[in-house]
Each structure stands twice: as C-alpha cells, then as structure tokens.
Amino acid sequence: MKSFPFLAGVGGDLPEMSFCRLGCLFTAGLLMLLRRSKLLLSPSSRAAGHLVCRYFDVIVVGGGHAGTEAAAAAARVGAETLLITQKIKTIGVLSCNPSLGGVGKGHLVREVDALDGLCGRAGDWAGIHFSILNRSKGPAVWGPRAQLDRDRYREFIQSELLSTPRLTVLEGAVEGLLVSEPNPDQPGQIKVTGVRIAGGAQPINAKSVILTTGTFLSGALFMGQTVSQGGRMGDPPSCSGLSHTLRETLGLKIGRLRTGTPPRIVKDTVQLSLTKVCPGDKQPTPFSFLNKETRCKPEEQLPCYLTHTTPGVERVVKEGLHLNAHIQQDTKGPRYCPSIESRVLRFPGREQQVWLEPEGVASDLLYPQGLSMTLPPELQLRLIREIPALKQAEIRTPGYGVQYDFVCPTQLSPSLQVKKAQGLFLAGQINGTTGYEEAAAQGLWAGVSAARAALSLPLLALSRTQSYIGVLIDDLIVQGVTEPYRMFTSRAEFRIVLRSDNADLRLSTRGFEEMGCVSMQRYKEAVRMTDGLRDAMAALESISMSCTKWMEKLGQIHLSKTKSAKLNGLELLEYKDVTFEMLASAFPGCLSAYLEFSKRLKIEGLYRPHYMMQEQEMERVRKDENLSLPQDVDYLTLPISLSMEAREVLDRAKPHTLGAATRLPGITPSAIVHLLNYVRKTDKEREQERVHI
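The model shown is predicted, which means the values in this text are computed figures rather than measured ones. By convention here, each chain's residues receive numbers from 1 onward along its written sequence. Given that the model is predicted, a residue must reach a pLDDT of at least 70 before its local features are reported, and side-chain atom pairs must reach 80 or more before they are shown or counted; all residues, however, enter totals for whole chains, interfaces and linings. Each side-chain value is worked out from all heavy atoms of the structure, with water and hydrogens disregarded.

**Considering the overall build of the protein**
Assigned secondary structure in the protein consists of 21 helices and 26 strands. Within these notes, the globule rule equals 2.2 Å times the number of residues to the 0.38 power, and the radius of gyration is based on C-alpha atoms. For a compact globule of 693 residues, the expected C-alpha radius of gyration is about 26 Å, and the protein comes in at 26 Å, within 12% of that figure. The dimensions of the protein, computed from C-alpha atoms along their principal axes, are 80 × 80 × 55 Å. The rule is simple: take the accessible area with a 1.4 Å probe, protein chains only, and divide by the maximum for that residue type; under 20% is buried, over 50% is exposed, in between is partly exposed. For the protein, the proportion of its 693 residues judged to be buried stands at 57%. Put simply, 72% of the contacts in the protein that link residues at least 6 apart link residues at least 24 apart. Working note: accessible area of the protein is about 29400 Å², and carbon and sulfur atoms make up 53% of it. Positive: Lys, Arg. Negative: Asp, Glu. His and the chain ends are not part of the count. Taken as the charge centre is NZ of Lys, CZ of Arg, CG of Asp or CD of Glu, depending on the residue. The positive charge centre, built from 82 side chains, and the negative charge centre, built from 71, are 2 Å apart in the protein. We count a stretch as a helix when DSSP gives it H or I for four or more residues in a row; a strand needs E for two or more, and each element gets its number in order from the N terminus. Residue contacts are defined here by distance: any two heavy atoms, one from each residue, within 4.5 Å place the two residues in contact. For the accessible areas, the method is Shrake-Rupley and the probe is 1.4 Å, while residue cover comes only from the protein chains on display.

**Considerations on the nonpolar core**
In this structure, Ile59, Leu177, Val195, Ile204, Leu211, Leu246 and Leu424 are the most contacted members of the largest nonpolar core, which totals 140 residues. With 11 residues, the single largest contributor to this core is helix H10 (residues 436-454). The residues contacting Leu246, other than those within four sequence positions of it, are Leu177, Leu211, Leu217, Gly251, Leu252, Ile254, Val407, Leu424 and Ile430. Buried residues of nine kinds, namely Ala, Val, Leu, Ile, Met, Phe, Trp, Tyr and Cys, make up a nonpolar core once their side-chain atoms join them within 4.5 Å. Grouped together as the second largest cluster of nonpolar side chains are 27 residues, Ile557, Phe580, Leu591 and Leu601 included.

**Looking at the pairing of strand E7 (residues 127-133)**
Most of E7 is tucked away, with six of its seven residues classed as buried. Note on pairing: two strands pair once DSSP finds at least 2 bridges between them. One ladder, built from six bridges, connects E7 with strand E8 (residues 143-148); its direction is antiparallel. Looking at the pairing, Leu133 lines up with Gly143 of E8.

**With respect to the sheet that holds strand E16 (residues 264-266)**
One open sheet accounts for six strands, arranged E17-E18-E19-E20-E16-E21; its pairing is antiparallel. Every other strand in the sheet has two partners, leaving strand E17 (276-278) and strand E21 (395-397) as the edge strands with one partner each. Neighbour-to-neighbour, the strand axes of the sheet open up by a mean angle of 35°, direction not taken into account. By the bridge criterion, two bridges tie E16 to E21 in an arrangement that is antiparallel. Residue pairing in the sheet places Arg264 in a bridge with Thr397 of E21. The axes used here are C-alpha line fits, helices contributing only the stretch in contact, and every angle between their N-to-C directions lies in the interval 0 to 180 degrees.

**Quick notes on the sheet that holds E8**
As summarised here, the arrangement of the three strands in space is E6-E8-E7, forming an open sheet in which the pairing is antiparallel. Two strands in the sheet have a free side with no partner beyond their single neighbour: strand E6 (99-101) and E7. Geometrically, the sheet is characterised by an average inter-axis angle of 20° between neighbouring strands, direction not taken into account. Taken together, the three bridges between E6 and E8 define a ladder with antiparallel strand orientation. Residue pairing across strands places Ser99 opposite Gln147, the latter belonging to E8. Docked against the sheet, helix H3 (residues 105-114) engages E6 and E8, running at close to 80° with respect to E6.

**Structural notes on the packing of helix H7 (residues 311-319) against helix H9 (residues 377-384)**
Relative orientation and spacing of two packed helices are given, respectively, by the angle between their axes and the distance between those axes. Closest axis-to-axis distance for the H7/H9 pair is 8 Å, and the angle between their directions is 160°. Classified by the angle their axes make, H7 and H9 are roughly antiparallel. You can see that H7 and H9 cross each other, and the crossing is right-handed. Across from Val313, Val316, Val317 and Glu319 in H7, the residues of H9 making contact are Leu379, Arg382 and Leu383. As a working rule, the residues Ala, Val, Leu, Ile, Met, Phe, Trp, Tyr, Cys and Pro are called nonpolar, Asp, Glu, Lys and Arg charged, and the rest polar, with Gly in that last group. In the contact of H7 with H9, the residues fall into five nonpolar, no polar and two charged. To sort the angles, those under 35 degrees are grouped as roughly parallel, those over 145 as roughly antiparallel, those from 65 to 115 as roughly perpendicular, and the leftovers as oblique. The sense of a crossing depends on the near helix, which, turned anticlockwise from the far helix by less than a right angle, makes the crossing left-handed and, turned clockwise, makes it right-handed.

**As for the environment of Ser449**
Here Ser449 is to be found in helix H10. Separated by 178 residues in sequence, Ser449 and Leu627 place their C-alpha atoms 21 Å apart. In this structure Ser449 touches Ser415, Phe425 and Leu459, once residues within four positions along its chain are discounted. One polar contact links the side chain of Ser449 to the main-chain carbonyl oxygen of Ser415, over a distance of 3.1 Å. Polar contact criterion, stated in full: a pair of N or O atoms within 3.5 Å, where within protein one must be able to donate a hydrogen and the other to accept it, and residues adjacent in sequence count only if both atoms are side-chain atoms.

Here's what the structure looks like:
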C-alpha cells in the first residue's frame with residue numbers, strides 16, 4: 001500500500017497505481033458529489049437558512065486563497081470554524097493567472113505547505129507545467145513555479161475544505177460585523193463578536209472573525225468606459241455595509257487599489273509556430289514536502305509560448321486612452337504586474353514580452369501573461385491582433401480592471417489582528433497585497449492566530465529571521481503599502497537561510513509543537529528529515545583529507561593543490577563540481593545511507609560558511625524583536641529625547657518591538673538608542689515593583 005498526500009482528506013492509503021488511474025478515481029469521487037448536490041454541498045456545508053449552530057470559534061469571510069487557507073488552518077488548530085462565501089462552487093477559483101509560485105512567491109508556497117497549508121499540494125495535483133525560475137543563480141533565490149489546470153485546482157481545494165473536520169461552509173453574503181464593548185484586559189477600543197448575513201438571516205456569533213474579501217470590498221469593474229459593481233466578472237458585488245462598518249464603526253483608515261486581468265484567447269486561433277515554445281523542466285519539482293513527484297508526468301506537461309508586442313500594440317493603446325476609464329484613475333496598480341497600457345505609457349517604444357500560458361489539460365484557452373488590459377472589447381481584439389502570432393486570434397472573454405478598498409495594514413498587529421478591534425483579523429488583498437501566494441500566506445497565519453485567540457491560547461509571531469511569511473507580515477504592518485505589495489527574495493535580509501528547500505526544517509516542527517497547525521504525519525516527516533540531514537552532515541564532517549588526496553580519490557575535480565589545510569566532506573560540497581553522489585560513491589560505507597538527502601546536502605554545503613556569518617546578524621535582530629514596546633504609550637509626550645518627526649512616526653505606527661521601530665522611515669539610530677534605554681528602564685522598574693509586591 002502507498003499513501004498519496006494529494007488525496008489527504010479524500011481517501012487514505014491506496015494500492016500502487018498510476019497517476020492516470022488516481023485521476024480517474026478522484027474525478028469519479030467529485031462526480032458523485034456533484035450528483036448528490038448541485039452546489040457540491042457536503043454534510044458540513046449549509047445554506048444560511050439551514051445553519052443549525054449560530055456560534056463558532058472562528059468565522060472566515062471569503063473563499064479565495066486567503067480564506068481557504070485561513071479556514072483550514074483555524075480548523076487544524078482545533079477551532080470550530082465557519083467559512084462564508086457567496087458561492088461554494090467558486091471556492092478555490094483562480095481568478096486571474098493559472099499559475100502558482102515564482103521568485104519569492106515559491107518560497108511562500110513552500111512555507112505555507114510546511115505549515116500544512118493547502119496550496120502546495122493543490123499545485124502538485126493541478127500542475128501541468130513545472131519550472132524552477134532563477135536556476136542560473138544560487139539555490140537561495142530559486143523560484144518553484146507551475147502552470148495550473150484551473151478545474152483541477154478548484155476541485156482539489158473544494159474537496160479538501162469540504163472534508164475538513166470542524167469546518168462548516170456557508171453560502172451567503174456578509175453585510176456587517178457584530179460589535180460590543182471591548183475586554184478591558186486586552187488592547188483595543190471595540191470587540192467584534194460575529195457577522196450579519198444579508199437577506200435577513202439571523203446573525204452568527206464568533207470569538208474571532210477573519211475578513212478575506214479580496215477585490216470584493218466595494219469592488220468596481222472597469223472595461224472601457226463601462227463601470228459596474230463587483231470584485232470579479234460573473235460574481236455578485238459584496239455588501240456595501242461591510243466597508244461602512246470598517247470605515248465608520250471601527251474607524252479604520254481605508255485606501256483604494258486596482259488590478260486587472262487579460263482577455264482569454266482561443267488557442268486554436270493562435271499561430272503557435274510564430275512563437276518560441278518553452279517546455280517545462282525535464283523533472284518536475286513538487287511544491288509540497290510530502291510529495292516525491294507531481295501528478296503530471298514529465299512527458300505530459302504542456303508547453304508555454306513566448307511572443308512579443310509590436311509598435312502596433314503601442315499605437316492601439318494610445319489611440320484608446322480616452323476610452324479607458326480605469327487607466328485614467330489615480331488609484332495605484334501593481335508595479336510588478338502592470339497592465340499593457342501602464343507598460344506602454346511608462347516605457348514607450350520598448351518591446352514587451354507576452355507569455356501564452358495553457359489554462360488546463362482540457363481547456364481550449366490561452367492566458368496571455370503581460371496583456372492585462374481594460375480597453376473596450378473591440379480595441380482589445382485590435383490590440384492582440386497587432387502581434388504576429390495573434391493575427392487571427394479570437395477572444396473568448398475580454399480583459400477588465402478592478403478597483404477595490406483595502407485596509408491600511410499598519411493598523412494590524414503581527415498576528416494580523418486589527419489593533420483597534422479585538423477578535424478581528426484581516427488577510428489577503430484587503431491588506432494591500434497582490435497575488436495568490438501572498439494571500440495564502442496571510443490567510444494561513446490569520447487562521448492560526450484567530451483560532452488561538454478563540455481558544456484562549458497566546459498569540460504568536462513569525463519573525464523575518466524565520467520565514468518569508470514573517471518578512472511579508474512585518475513589511476505590511478511596519479511599512480504599510482502605497483501600491484499592491486508583491487513578495488520578492490530581495491525583500492528578505494537573510495535569504496541564504498530562508499530558502500525554499502528548507503522551509504520544512506524551519507517551520508514544520510514549530511508548526512506542530514507551538515502553533516498546533518501541523519499534522520502528526522508531517523511532523524514525523526520533518527523530524528526524520530532534520531535528523532537525517534544532521535547525521536549526514538556529521539558523517540561528511542568525519543571525512544577529512546588534503547586537497548591532493550581528495551583529487552586522487554574523486555578524480556576530475558578542481559581544488560587548489562597549494563592549499564595546506566585539510567577539507568572535510570561537507571566543506572568539499574562548497575565546490576560546484578563536487579556532488580554528494582560522488583562522495584557517497586567514494587565512501588559508500590558511511591555515506592550511501594544518506595543518498596535521499598543528496599540535493600539538500602549539496603545546498604547545505606554550498607551555503608554553510610555564509611550561514612554562519614548571517615547567524616550573528618540574525619541573533620542581533622532576534623534580540624531587538626524580543627524587546628516589546630508598549631502599545632498604549634503616547635510617543636508625542638514620552639519623556640525621552642526624540643525629534644518631533646520621530647515622535648509622529650512612532651505614534652502613527654505604534655511598533656510592537658524595537659526591531660520593528662528600526663525599520664520605520666525617519667527613525668534614526670539615536671532614536672533607537674533612546675527607545676532602547678526607555679524599554680530597559682521601564683522593564684527594570686516593573687521588575688522592582690514585582691519584587692516589592
């Protein structure tokens with residue numbers, strides 16, 4: 001018997017069989033669900049009027065990438081959880097591009113998976129084209145990425161959620177929040193106690209509420225000069241009452257951002273012979289640490305196609321500017337995934353890449369990455385036909401833009417709880433981010449935090465020294481956003497340590513022992529991997545020889561013969577032309593048992609000396625992070641030497657730690673010294689008071 005983590009929550013151990021056979025079983029199971037109910041309702045799914053329980057530990061609003069991860073994480077921690085979404089059938093839908101991962105983003109997917117999240121395993125199940133971006137650079141910045149089959153991804157996420165213990169799924173719309181007087185023993189000016197459902201249904205109470213509204217919070221859709229209410233084409237708009245509650249009742253600072261999506265092109269109308277064909281990697285790399293292989297076999301992968309814009313594209317954009325209401329707005333859009341209109345205006349005369357990406361195994365559509373646009377439909381057709389490969393292309397659905405409200409994330413704590421509102425957590429695009437991966441990472445952490453708060457467990461924090469999720473959250477709550485935030489490896493100071501290949505070693509054991517969101521199966525695997533790597537590195541370090549003897553032993557490797565110091569096996573892995581397989585072949589007695597760790601050992605050896613240097617700086621940052629700053633302090637009147645600019649910045653941001661204060665713009669080293677002295681003084685006074693009592 002063989003266990004397939006792809007089917008976690010759907011089935012158990014299955015006999016050895018091909019992924020083709022597994023796919024048939026999986027599809028058959030989904031068809032059974034479909035026959036039983038038009039809405040894929042499971043015993044844990046309800047319509048608003050038939051919901052028996054009206055009190056939950058955690059309520060999650062929204063069924064996108066943030067909402068699904070939040071709901072699943074909260075349930076794993078042990079909270080009775082309710083996920084409310086407008087349409088159960090759109091849970092797990094890939095609203096924009098059919099892909100997952102990338103540079104920086106792939107790190108987030110791996111970390112979400114290490115904490116037992118869904119998207120990594122879903123990506124392995126639904127992937128149809130796998131590649132490692134940045135492979136020409138060091139492994140620390142490699143970006144695992146996959147093109148996805150839209151239907152397979154949605155089906156996997158729905159199957160996971162609808163079979164998750166302690167999780168109920170409700171189809172409905174939230175029109176407002178229930179609030180009460182705050183708990184005087186906790187920070188906050190108001191307490192959120194539940195939600196009001198549109199349509200007259202009874203309110204639903206909860207200890208914690210997570211909002212993951214995506215682009216639906218006061219969302220508006222733009223196509224040419226046509227504007228309509230909504231967050232995604234084909235779905236109803238969210239209730240305006242929720243925005244009103246956040247702005248007026250809770251007094252939160254609300255901003256406005258925009259994004260967009262390209263037209264979907266009929267594949268058979270594209271001259272693919274005029275494009276550059278880009279196949280996937282010869283050996284697909286799974287996202288999930290539980291999977292040794294992907295569902296899609298190497299030879300079954302679908303290619304992507306590369307083409308470029310022409311001067312004709314720029315001409316159509318400029319001719320249609322007066323008909324493009326979206327691009328004329330001042331609302332900020334994504335810098336790193338801009339519309340074709342923004343790219344033309346920012347970089348006139350430049351040829352732009354356009355990737356034609358498959359949308360699924362059975363799909364007849366291509367997704368033109370790089371051609372997000374909000375022109376009128378007739379101009380969109382004119383524009384794409386200015387590209388030689390798309391000269392005869394047809395559009396199935398036109399592109400459009402979205403504008404939506406977001407909550408300025410500096411109003412959040414490291415747990416993603418709103419500082420002003422006890423029991424209210426936010427995750428995803430409502431916090432000013434863009435991308436599935438950023439949303440999933442926030443959703444998972446908000447789910448863990450909300451569940452722990454509901455179960456009266458202490459809230460935790462992820463440091464930027466521990467994970468890219470920590471970097472993401474710290475950037476949001478300390479710096480805030482002026483445009484949609486996207487993760488890159490360059491945002492992490494310690495990226496040599498925070499690699500995508502070691503996310504399980506960094507997070508899985510902590511996720512089980514401290515957070516409570518990781519299963520025993522994953523925990524045991526992480527412990528096995530940690531112990532195995534430790535033993536393997538010890539074995540490598542036990543083998544030590546001079547460079548001359550190493551060259552005699554291994555043959556064609558390049559070492560300095562003049563180097564007098566001996567090298568052990570782990571140090572030898574720093575050299576590019578030395579692999580662990582070579583060492584295991586030379587010393588089978590003590591190394592062959594660790595061949596399954598060969599790729600990881602090579603990376604560990606490569607970065608070992610750099611890791612030791614970064615560890616000192618990481619320890620300094622950890623010490624700063626451990627120095628908490630009071631949240632009720634009035635920086636404007638604090639009796640220490642601070643400039644008025646520093647006082648205003650600190651009073652506005654209310655940083656939770658000294659480390660967070662160091663990353664605020666306008667905070668000088670001298671201000672940090674004064675804050676440090678203040679913290680030490682107040683800590684000493686409190687200690688003396690405790691001793692006196």
